Amino acid sequence: MKVLIIGGVAAGMSAAARLRRLDEAAEIVVLERGEHVSFANCGLPYHIGGVIQERDSLLLQTPQTLKESLNLDVRTRHEARNIDRAGRRVQVTDLATGREYDEPYDKLVLCPGAAPLRPPLPSVDHPRLFTLRNLADMDRILDVVAATAAPGKNTPAAAVVIGGGYIGLEMAENLRHRGLAVELVEMLDQVLPPLDPEMARDLETGLRRHGVGVHLGAAVAAFHDRAGRIAVEIKGGRMFEADLAILAAGVKPDSALATACGLDCGPRGGIRVDAHLRTADPDIYAAGDAIEVVDAVTGQPSVIPLAGPANRQGRIVADNLAGRDSVYPGTQGTAIVKLFDLTAGGTGASEKNLQRLGRPYRKIYLHPTGHAGYYPGTAPMHLKLLFAPDTGKILGAQITGYDGVDKRLDVFATAIRAGLTVEDLQQLELAYAPPYGAAKDPVNMAGFVAANLRRGDVAFWYAEELPTLPAGHLLLDVRSPQEFELGHLPGAVNFPLSRLREQLDTLAKDRPLRVYCKVGLRSYLAYRLLRQRGFMDVQTLAGGLLTFNRVHPAPAAPGGTGDRPVAPTFGAAPVRATGRSPLRVDCCGLQCPGPLQRLAREAAALKPGNELVVTATDPGFPADAKAWCEGQGHALLEMMPLAGGRNEARIRISGTA
Ligand code: FAD
């Protein structure tokens, strides 16, 4: 059997290597248009950023090593131009010599991947506009970065990243690592579109904190030349001039060869295959970014360009070529991204996707820490879980945070694949010691909350329902008076949880009570109390104010755009010296209202003019500390974001020393 494989990276090389392991006798030829096979395309942004220092470490194999280890005939710089299905031949061009020849096959495997989208905009072929797919693209970008960041220049080189998806975010981070001034423009009203908008808000904040200008709802209208530099024009007239621009506006399946030979494409433009990854032609298989897959959660046709699925599909094709019966179970879109010190990702269906398909779902939010709060180096994550109301089956999960995001995402991904329910999550026995997790792991916690909801032990109201809350409702803020004073929802009344039992008589039993607190724990306790005391219509705000503030983000910063960083640069900038050593208080790991209570207690013991430096991981701390200082008349000298979700406030106690 002679097997010809078009495309020599993730899917193609997986197919070739596994087929050899299963069939020593097969003749296996791989055609790869580019200069390299089996290279680490996922690592390209990190070499641009200098994180992966050696270019060669991205080159995993060469035709020679593949010949020696697996007896594969790998031909780089050989492009498949045309497929003659009747004659079972592929027309090939050797790009190095220009020679054309026909390569016969018994079985053909199409793994040509996906091509970056290049919208037909004016000057889209500008030489300073780059897409990133392979090492040649990476080298071109690095050349411009090196040339424009030449020593002696007193302004940093500038880049515009177009598109806030996974590759756009990675490029923004890595160009910042190289010292470039970076503007990120995104046509939608959020970055990382696979996530729901409220789950992407922390990424937008994270970008700004690291000095990246973030411009949402900004569609590119045209590109212009400015004496060799590039200007990116946004619809509405705004213009960003830069030394280079990265077009990371998504990819589309590279299905041209397949359609040219009469193979079918699905509604999303990917090559249509059956569960065995065979096209309509029994001698042609296809795998990787080029194919249309079934979404494993929704059952819908989908194109999901990810390395894991591409590799696994390659293996399945090889199995089937070797006579085994191997079926691809669909893709659930598990993906993750690092953005400076943040991590974000999702698995399964998003809420917006479920809404678009009209599928029933329930959702919960929680903010557990990545590991035990009392062990250093953790911060709360923002976790969203979607599940089926009738069966409790998990439909999707999304997390944004600092430590431990990846392992929870992978547990949820496994749970979805195994068809587990939220009740099952409660019982998962997960590894725990303080540096790694919690005795009640975030995954267990998500199970507890969701199972409570399904059992009717809790009822939620959601941030987006604020304008449509029932007539006559009472918004009950159960935080402390101190927190309430610092800010609360319009119309809310303060019934601190600690005094709620004494105040019950003042509340009508049949009035709709919409309870909230900062993260949802105190309001859940209040909910249980109220329901058991006979209050009929009680609901607690899902995810508390932390989620609320991400659903209803604060209006743009002064200047009207909200584009500028909230802090000049991220990192350990020294606090201003005052001659006196400040009292340092570490509130990391404390959840609200812990940091504020501690702050108030420590401040009360200080003299006017003394300074206090407080570090906290509670995401609400910067806003709370600012409001508290204003309320108390103390001076907030500095609020410095630090790595790992920590914020450091430097406060001078009011009065004179
Ligand atoms: P590819 O890996 O793109 O390989 C297809 C190959 O086919 C190409 O090398 C192409 O030159 C060749 N080819 C096409 N047409 C022809 C032809 N006519 N003749 C000969 N050869 C041809 N995924 C993740 O899951 N996680 C990540 O972190 C991640 N990061 C990424 C970062 C970047 C910068 C990029 C570009 C992608 C990233 N991906 C990531 C996506 C992942 O790399 C792809 O999903 C995966 O490589 C797809 O594998 P594939 O084999 O289908 O296509």
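Turning our attention to the pattern of salt bridges. Evaluated as defined, the whole model comprises 42 salt bridges. Residue Lys-2 is joined to Glu-103 by a salt bridge in which the shortest nitrogen-to-oxygen separation is 2.4 Å. Of the two residues, Lys-2 sits in strand 1 (residues 2-6) while Glu-103 sits in strand 6 (residues 100-104), which places them 101 residues apart along the sequence. Here the two residues Lys-2 and Glu-103 agree in accessibility, since each one is buried. Residue Arg-514 pairs with Asp-537 through a salt bridge whose shortest N-O separation is 3.1 Å. Residue Arg-514 is located in strand 29 (residues 513-516), and its partner Asp-537 is located in the loop between helix 15 (521-532) and strand 30 (538-541); the two are separated by 23 residues in the primary sequence. Overall, the relative accessible area of 4% leaves Arg-514 in the buried class. Overlapping salt bridges bring together Asp-196, Glu-198, Glu-351, Lys-363, Lys-384 and Glu-464 as one network.

Here the focus is the sheet that holds strand 11 (residues 181-185). The five strands are arranged 9-16-10-11-12 in an open sheet whose pairing can be described as parallel. Strands at the two margins of the open sheet, each flanked by one partner only, are strand 9 (129-130) and strand 12 (213-215). Two strands pair when backbone bridges link them, and strand 10 (residues 158-162) and strand 16 (residues 244-247) are joined in this way by four bridges, in the parallel orientation. Following the sheet pairing, Val-161 is matched in strand 16 by Ile-246. Contacting strand 9 and strand 16, helix 4 (residues 135-148) runs over the sheet at an angle of about 155° to strand 16. Helix 5 (residues 166-177) contacts strand 10, strand 11 and strand 16 of the sheet and is inclined by roughly 165° relative to strand 11.

Around the ligand sit 27 residues in total, of which Ala-11, Glu-32, Arg-33, Asp-289 and Ala-307 are the nearest. A distance of 2.8 Å is found between an oxygen atom of the ligand and a backbone nitrogen or oxygen belonging to Asp-289. In this structure, an oxygen atom belonging to the ligand sits 3.2 Å away from a main-chain N or O atom of Leu-306. Contact with the protein chains hides 87% of the accessible area of the ligand, taken as 1,000 Å² for the molecule alone. Mapped onto the shell around the ligand, the elements with two or more residues apiece are helix 1 (10-22), strand 2 (27-32), strand 4 (78-84) and helix 8 (307-321). Sort the elements by how many residues they give to the shell around the ligand and strand 4 lands first, with three residues. Residues belonging to the shell around the ligand are distributed by class as follows: 17 nonpolar, five polar and five charged.

We now examine the pairing of strand 2. On a regular strand, one side chain projects to one face of the sheet and the next to the other, so that they alternate. Counting buried positions along strand 2 yields five of six residues, so the element is predominantly enclosed. In terms of strand pairing, strand 1 meets strand 2 through five bridges, oriented parallel. Paired with Leu-4 across the two strands is Val-29, which belongs to strand 2.

Turning our eyes to something else, we now look at the nonpolar core. Counting 82 residues, the largest nonpolar core has Leu-175, Leu-207, Ile-364, Leu-385 and Leu-530 as its most contacted members. Counting residues per element, this core draws most heavily on helix 4, at six residues. Beyond its immediate chain neighbours, meaning those up to four positions away, Leu-385 contacts Arg-362, Lys-363, Ile-364, Ile-394, Gly-396, Ala-397, Phe-412, Val-422, Leu-425, Ala-446 and Ala-450. Ala-15, Ala-80, Ile-316 and Val-317 belong to the second-largest nonpolar core, a separate cluster that totals 51 residues.

Here we take up the side chain of Arg-408. Looking at the element boundaries, Arg-408 is found in helix 10 (residues 405-417). Engagement of the side chain of Arg-408 in a polar contact is seen with the side chain of Asp-441, the distance being 2.8 Å.

A few words on the confidence of the model for the protein chain. Predicted coordinates in regions of low pLDDT should not be interpreted in detail. Of all residues in the protein chain, 95% have pLDDT values of 70 or greater, and the mean over the chain is 93. In this model residues 557-577 is a low-confidence stretch, pLDDT under 50, and it forms 44 contacts with partners more than four residues away in sequence or in other chains.

This paragraph deals with the packing of helix 1 against helix 8. For the pair helix 1 and helix 8, the least separation of the axes is 7 Å and the interaxial angle reads 35°. Pair helix 1 / helix 8 crosses with right-handed handedness. Each of Ala-10, Ala-11, Ser-14, Ala-15, Arg-18, Leu-19, Arg-21 and Leu-22 in helix 1 lies in contact with helix 8, whose residues at this interface are Ala-310, Asn-311, Gly-314, Arg-315, Ala-318, Asp-319 and Leu-321. Here the residues of the contact of helix 1 with helix 8 sort into eight nonpolar, three polar and four charged.

Reading the values: the criteria
Residues numbered from 1 in each chain as written. Predicted model: local features only at pLDDT ≥ 70, side-chain atom pairs only at ≥ 80, totals over all residues. Heavy atoms only, no water. Salt bridge = Lys/Arg side-chain N within 4 Å of Asp/Glu carboxyl O. Helix = DSSP H or I, 4+ residues; strand = E, 2+ residues; numbered from the N terminus. Buried < 20%, exposed > 50% of the residue type's maximum accessible area, 1.4 Å probe, protein only. Pairing = 2+ DSSP bridges. Contact = heavy atoms within 4.5 Å. Axes fitted to C-alpha atoms, helices over the stretch in contact; angles between N-to-C directions. Near = heavy atom within 4 Å. Polar contact = N/O pair within 3.5 Å; in protein donor to acceptor, adjacent residues only side chain to side chain. Areas by Shrake-Rupley, 256 points an atom, 1.4 Å probe, with all protein chains shown as cover. Nonpolar A, V, L, I, M, F, W, Y, C, P; charged D, E, K, R; others polar. Core = buried A, V, L, I, M, F, W, Y, C linked by side-chain atoms within 4.5 Å. pLDDT = per-residue confidence, 0-100. Left-handed = near helix turned anticlockwise from the far one by under 90°.

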